[in-house]
Amino acid sequence: MESGHHRGRPPTADPTVRYRERAGRFDREAAERLGSVRVYGRLRLGLFAAAIAGAWVFFAAGRGPAAWTFMAAAALTFAILVARHHVAQRRLFRARSMADFNREGILRIRRRWFDLPDPPAVEAPRDHGYADDLDLLGHGSLLHLAGVCGTAPGRETLRRWLLEGAGPETIALRQEAVREMAGAHDFRDRLVAEARMMGSGGEGDGIDGFLAWAEGGALLEGRSWVRAAGILLPAVNVTAIVLYSLGMVPLPALVWPLVVSTLLYTGLRRGLNADFDEADDGESGVRRFAPLLAVLVDAPLRSAYAVEIRRRLGAAQAGHPSAGPRAAPSDRPASPRTAPREIATLRRLLDLADARRSPLLHLPLAIVLLWDVHVLGALERWKARSGHRVRDWLDAAGEAEALAALATLAADHPEWSFPEIEPGATTLRGEAVGHPLLAPDACVANDVEVGPAGSFLLVTGSNMSGKSTLLKAVGLNAVLAQAGAPVCAGLLRMPPLRIVTSMRVEDSVVDGVSYFMAGLHRLKLVVDAARDGQEPALSAIASPADPTPDGTRKPATPTPHTLYLLDEILQGTNSAERRIAARTVLRHLLATGAIGVVTTHDLALADADDLVERAVAVHFTESVGEGADGLTFDYRLRDGIATSTNALRLLELVGLGDGGTGGRDPGDP
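Residues numbered from 1 in each chain as written. Predicted model: local features only at pLDDT ≥ 70, side-chain atom pairs only at ≥ 80, totals over all residues. Heavy atoms only, no water.

Draft legend 1. Local environment of a nonpolar patch on the surface. Together, Tyr244, Leu251, Val255, Trp256, Val259 and Leu263 line one region of the surface with nonpolar side chains, adding up to about 590 Å² of accessible area. Among the elements that make up the nonpolar patch, the one with the highest residue count is helix 9 (residues 251–280) (5 residues). When you line up the elements, valine 255 lands in helix 9. (Patch = residues over 30% accessible without salt bridge, like charges linked within 9 Å, V, L, I, M, F, W, Y side chains within 5 Å. Areas by Shrake-Rupley, 256 points an atom, 1.4 Å probe, with all protein chains shown as cover. Salt bridge = Lys/Arg side-chain N within 4 Å of Asp/Glu carboxyl O. Helix = DSSP H or I, 4+ residues; strand = E, 2+ residues; numbered from the N terminus.)

Draft legend 2. Main features of the pattern of salt bridges. According to the stated counting rule, one finds 35 salt bridges in the structure shown. For aspartate 135, the salt bridge is made with arginine 504, and the minimal N-O distance between the two is 2.7 Å. A residue pair is termed long-range when its members are at least 10 positions apart, and aspartate 135 in the loop between helix 2 (64–109) and helix 3 (142–146) and arginine 504 in the loop between strand 6 (497–502) and helix 19 (515–532) qualify at 369 residues. Measuring nitrogen to oxygen at the nearest pair gives 2.9 Å for the salt bridge that ties arginine 312 to glutamate 399. Taken together, the residues arginine 312 in helix 12 (residues 304–312) and glutamate 399 in helix 17 (residues 390–412) connect sequence positions 87 residues apart. Exposure class is identical for arginine 312 and glutamate 399. Each is buried. (Buried < 20%, exposed > 50% of the residue type's maximum accessible area, 1.4 Å probe, protein only.)

Draft legend 3. Up close: the sheet that holds strand 7 (residues 561–567). Read across the sheet, 6 strands follow the order 6-7-8-4-9-12 without closing on themselves; strand pairing throughout is mixed. Looking along the sheet, the strands with just one partner apiece sit at the ends: strand 6 and strand 12 (638–639). On the sheet, helix 18 (residues 467–483) packs against strand 4 (456–460), strand 6, strand 7 and strand 8 (595–600) and is oriented at approximately 155° with respect to strand 7. Contacting strand 4, strand 7 and strand 8, helix 21 (residues 575–591) crosses the sheet at an angle of about 165° to strand 7. (Pairing = 2+ DSSP bridges. Contact = heavy atoms within 4.5 Å. Axes fitted to C-alpha atoms, helices over the stretch in contact; angles between N-to-C directions.)

Draft legend 4. Looking closely at helix 15 (residues 359–368). When we look at burial in helix 15, the residues that qualify are His362, Leu365, Ala366, Ile367 and Val368. Immediately beyond the C-terminal end of helix 15, within one or two residues, lies leucine 370, with a positive phi of roughly 50°.

Draft legend 5. Seen up close, the pairing of strand 6. Summarising burial for strand 6: 5 of the 6 residues are buried, a large majority. Bridge analysis of strand 6 against strand 7 gives 6 bridges, and the strand direction is parallel. Note that in strand 7 the partner of arginine 498 across the bridge is threonine 562.

Draft legend 6. Examining the environment of arginine 337 more closely. Relative to the helices and strands, arginine 337 resides in the loop between helix 13 (323–326) and helix 14 (339–353). Along the primary structure arginine 337 and alanine 315 are separated by 22 residues, whereas in three dimensions their C-alpha atoms are 7.8 Å apart. Beyond its immediate sequence surroundings of up to four residues, arginine 337 is in contact with Leu313, Gly314, Glu342, Arg385 and Arg389.

Draft legend 7. Looking closely at the sheet that holds strand 1 (residues 420–421). A sheet is described by the order of its strands in space; here 4 strands give the open sequence 1-5-2-3, paired in mixed fashion. Single-partner strands in this sheet number two, and they are strand 1 and strand 3 (446–450). Examined bridge by bridge, strand 2 (residues 428–433) and strand 3 share 4 bridges and lie antiparallel to one another. Across the sheet, the residue bridging to leucine 428 is valine 450, located in strand 3. Across the sheet, helix 18 touches strand 1, strand 2, strand 3 and strand 5 (491–494), and the angle it forms with strand 5 is around 75°.

Nothing here speaks to function; it is all geometry.
So, in structure tokens, the structure goes:
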């Protein structure tokens, strides 16, 4: 097995240099923005003081009308300054966020996990096939490395992509978008900054309640008489008020239309307020997405996936000839109104509805003009036009953030490559495959081949030599490949895979499960997954795909092959029984046509005749020296079974040596 360290990786510029330059650029911009913020703050304070002094002078001089005019002008100017101050503060925060993001890029590349922001607090489903074993979630995990998503939809989308492999067509679309976004540094910086400025990103803000309102029914639907009354009664009321004030009609002519309006409003009031509250509950969370969605609508991206995201947000479809048929998860036509514009419209309508919070202003409007009926009618028109699209807007934003996170991986590691997914293959072939979570200067890459179907890679070697690291390198790169991301390899070709692992087995006092039984349960999960993936071609025939729009049927996607990764299985029993049990498990797996990697210290594990022919043996080794650094490892993969051990040497290195017995147990005869 030839080592392929850095083979196939062209020399590239150090991305830390780019991050350092961009961080400095945004720091300078932030300093300029801070100056503007301070200027606006001083102007507001000065204007407030001048307004008080000027009003006092005018009133003291007995020029009341001039004083009121001066105060109105000062109030208008103050409002303008407040708005400009707010814009300046946003620009300052955005510049600081982009500077921080670029500094974090250096930390990510160097894998300085404790200096990075905490990873998203998400969990994998219980008994997930590989999440715990491959360090997918949590501190120092793959999600921590790629987790630059700032919104709840972004984090959930990225988590789902890492936990669930995509099909070859989807992977190709994501790869195209990731390649493009990797070079769009300004776009990714702006996207991250806008996401971070959203604060919680919608978590806990009642967005689910808002979506229920947006996708629900309409209070005025089927009540055309209410709509008609909403048009007729305000006209009658205003006319009656004008005529009565001119002395042209008696008092009853004024009172009766107002009584009818009051009765109508009283009957509708509870439903109107409930509808307004449902719309307003969570709108503040949705509203925070508007700047981020505006970045996506205006994104200078031409990949099919990016164009489709823009189309879902209402932007005119352009830039990629295959965007429609290749990347159209939604069959709704593009709206002439973009998502940010529609959210702004919704905000204005809810501002009008907020008049009900001021009773002295609201009561005359509600009775004379049937204000709430008109506002609700406008909201329901908005709901009919865009309510069903809000969920898709948030999903699109989440997908864009997930793509940007994978693109950040590509930008941070220009030596990584994009994998090739080969549906008909049964072998995973990798050149210069490394562990994605190791710092580039500490990562040793190896050539790896797992397969063909019916065989397994048997990895032996002494303690600390790199066996478990190799397992994780293969598994993590397969996960990245099926998420649409680049991989830590010079080249990777693989079939669609269902990944299952048994590496970190734990007993459970709560569940009453011993270490050995926990290992058996995990291996049962692995074997069941391999059996589910058996004979993928027959599986595709048994469940054909749905008809395409032209009435034809595309071939169904075959069930993915299973890739199993087993690390020192069944350690909780004696060596003889462990060997028999492990061989039995391997025979079950080989019978399914699955491919996999097995690490072991038991050099006789594959000595059985039927396993010898199907085991591809490779090993790691070490060099033995003197002193504190008595063992050194090069982490290079070699052909054949390991011939060295180091357990006793490691015992000596930690100060627990044999005490002069020469390695012989004093209790031995």
